[in-house]
There are 2 protein chains.
Amino acid sequence: MIESAVGAGRPGVAGEKAQYRKLAASMRLEIEAGEFGNNGRLPSEESLAEQYGVSRGTVRNALALLRANGLVTSRRGTRRVVLGTARTQSFQELLSFTAWARAQGEEPGARTLHCLSRPASAAETEALQLDDGAVVTEVLRLRLLGRVPVMLERTVYPERTGAVIGGLAPDSLSHTEVLDASGAVFADSEHTIDVVPADSVDAGALGCAEGTGLLREIRRATDPAGVPLLWSEDRFLPGTVSFSVHNSASVSALARRRGRP
Amino acid sequence: MIESAVGAGRPGVAGEKAQYRKLAASMRLEIEAGEFGNNGRLPSEESLAEQYGVSRGTVRNALALLRANGLVTSRRGTRRVVLGTARTQSFQELLSFTAWARAQGEEPGARTLHCLSRPASAAETEALQLDDGAVVTEVLRLRLLGRVPVMLERTVYPERTGAVIGGLAPDSLSHTEVLDASGAVFADSEHTIDVVPADSVDAGALGCAEGTGLLREIRRATDPAGVPLLWSEDRFLPGTVSFSVHNSASVSALARRRGRP
DNA sequence: TAGAAAAAGTTGGCTACACAACTTGCCTCC
DNA sequence: GGAGGCAAGTTGTGTAGCCAACTTTTTCTA
């Protein structure tokens, strides 16, 4: 076997990732650099395997990743076609406003409007899988890009994570990063997106008229064992962000739902 | 090898699907029936393989599907955990308003406001990968649930598919189904979601005030070779639909974007 | 020359095995 | 009782090979 350009199977070196992940990252760069042209064709799995010194199975794993991210098609009988250079974001960037803003080259900001502990409502008990009578921490924060208010974030943490958040400075930026550092592991998240009219609190904080249509994102994140870590309702001013999803016939992640969640 | 309950490897029988798809469908039913309980644990891959008479690889393929749909977690060292009974939709339901409405038990409706052929704009030439000076078909339709207007759909088809659509009755329902029947194959789609204020056309058609925040979905669908089949901008009345996405740390399909697309 | 048939090339799907990395529970030892 | 370590169980990653299904190219034939 040939030692490959992406650093075959040496743990502890170069990011500690699996080979197929490194291969996927490497191929992503080539694709984004236009190596195969837009709408061009990828080399065959077999030749890629030989080129990188891995087995066809590993190449297929890597390509499945790129496929799920919408970079390439795949279809029996013919070579893979480059779909576009849709740069996808890391999972982290999706969960953390701060991480996302930085990746965009913007200065993220946060102003905590309030932060309190209280008994969980029935809905929260359900969503966070809490025991009856459990206590949650509710945080209301205004998020900024530069000095411009963009989003109002209402997050509910279960007691365990809430304790970590409760002790932070009111202008501290990323709660997600703090939780990450404290050992919490984010593994899955569910997002629901719709429009709601701004209420008086939204209007006051975001500086818009009451009734303005805000883009609402409800997110719920869980750890690898399926235990809910947070539940959040974020309301964005119109025109500040959009969400985009890639879907393929083999795997469909996006769903359209009736009415309000 | 034992002949399995899901119909092992006999093409032409029972839906013509791959084994791992049938297995996934079968397990989805079990999960949704609460066979393993909510937050319960799945049997090990090995025991599933034995139970269904397939190899572990096939079981892993099936579980990867369920994982991508957010039904189960997975994590090295411990059994898979049931996340929830998140019923996902077929790819078809996401592309076709008609199919989606029917699956919700609602009566879909459509009223064509106009349908015309014209030269493509620069943006459309880019999005649909057309040659300069190509002709597109633009269709503006009001979509209903029951008798209630819900969405205004502005779709642009390239010449080839547009020809099929142009010859339809103004009240015909699903353009997607017609295209499907005419041999077009939808394989991938890209969706962007944000909010826009209703303009005078929107307000008139949907019966809302001008400036009302509408949920906008921009979709672009391609065939297996990556050739664009349609480009559409749909504007939903607030409160009528929401979109939901599942993401996991291993594969993330959703992205947050800056400003308008 | 045009159309049909054959051949070659490519991805999808499945099996089998091996080892690595991680979690969990049990057992021992202090 | 508690802490630590050990062993078993489980999923992740990688390899190798086989055939099926499908597309594209080439070749043959009328």
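Residues numbered from 1 in each chain as written. Chains lettered and ligands numbered in written order. Predicted model: local features only at pLDDT ≥ 70, side-chain atom pairs only at ≥ 80, totals over all residues. Heavy atoms only, no water.

As annotated in an unreviewed UniProt entry, chain A carries the name GntR family transcriptional regulator and is attributed to Arthrobacter horti.

S.K.: How should the protein's contact with DNA strand D be read in this particular structure?
M.R.: Around DNA strand D, 25 residues are found, and the nearest of them are Gln19(A), Thr58(A), Arg76(A), Arg60(B) and Arg79(B). The sugar-phosphate portion of DNA strand D accounts for 75% of its atoms within 4 Å of the protein, the bases making up the rest. Here a phosphate oxygen of DNA strand D and a side-chain polar atom of Tyr20(A) are 2.8 Å apart. Only α1 (19-32) and α3 (56-68) of chain A together with α3 (56-68) of chain B provide two or more residues apiece to the surface near DNA strand D. A breakdown of the residues in the surface near DNA strand D according to their chemical character gives four nonpolar, ten polar and eleven charged. (Near = heavy atom within 4 Å. Polar contact = N/O pair within 3.5 Å; in protein donor to acceptor, adjacent residues only side chain to side chain. Helix = DSSP H or I, 4+ residues; strand = E, 2+ residues; numbered from the N terminus. Nonpolar A, V, L, I, M, F, W, Y, C, P; charged D, E, K, R; others polar.)

S.K.: In this structure, what is going on with the interface of chain A and chain B? I would like to understand it.
M.R.: The extent of an interface is frequently quoted as the accessible surface area lost upon association of the parts. Each partner contributes to the interface: chain A provides 62 residues, whereas chain B provides 63 residues. At the junction of chain A and chain B, the tally comes to four salt bridges. With a shortest N-O distance of 4.0 Å, Glu217(B) and Arg256(A) are connected by a salt bridge. Of all elements in the fold, only α3, α4 (91-95), α5 (97-103), β4 (188-197), β5 (213-222), β7 (241-248) and β8 (254-258) of chain A reach the threshold of two or more residues within the side of chain A that touches chain B. In terms of residue class, the side of chain A that touches chain B is made up of 26 nonpolar, 23 polar and 13 charged. Judged from the six bridges that link them, β4(A) and strand β7 (residues 241-248) of chain B form a sheet pairing that is antiparallel. In the strand pairing of β7(B), Ser189(A) is matched with Asn247(B). (Contact = heavy atoms within 4.5 Å. Salt bridge = Lys/Arg side-chain N within 4 Å of Asp/Glu carboxyl O. Pairing = 2+ DSSP bridges.)

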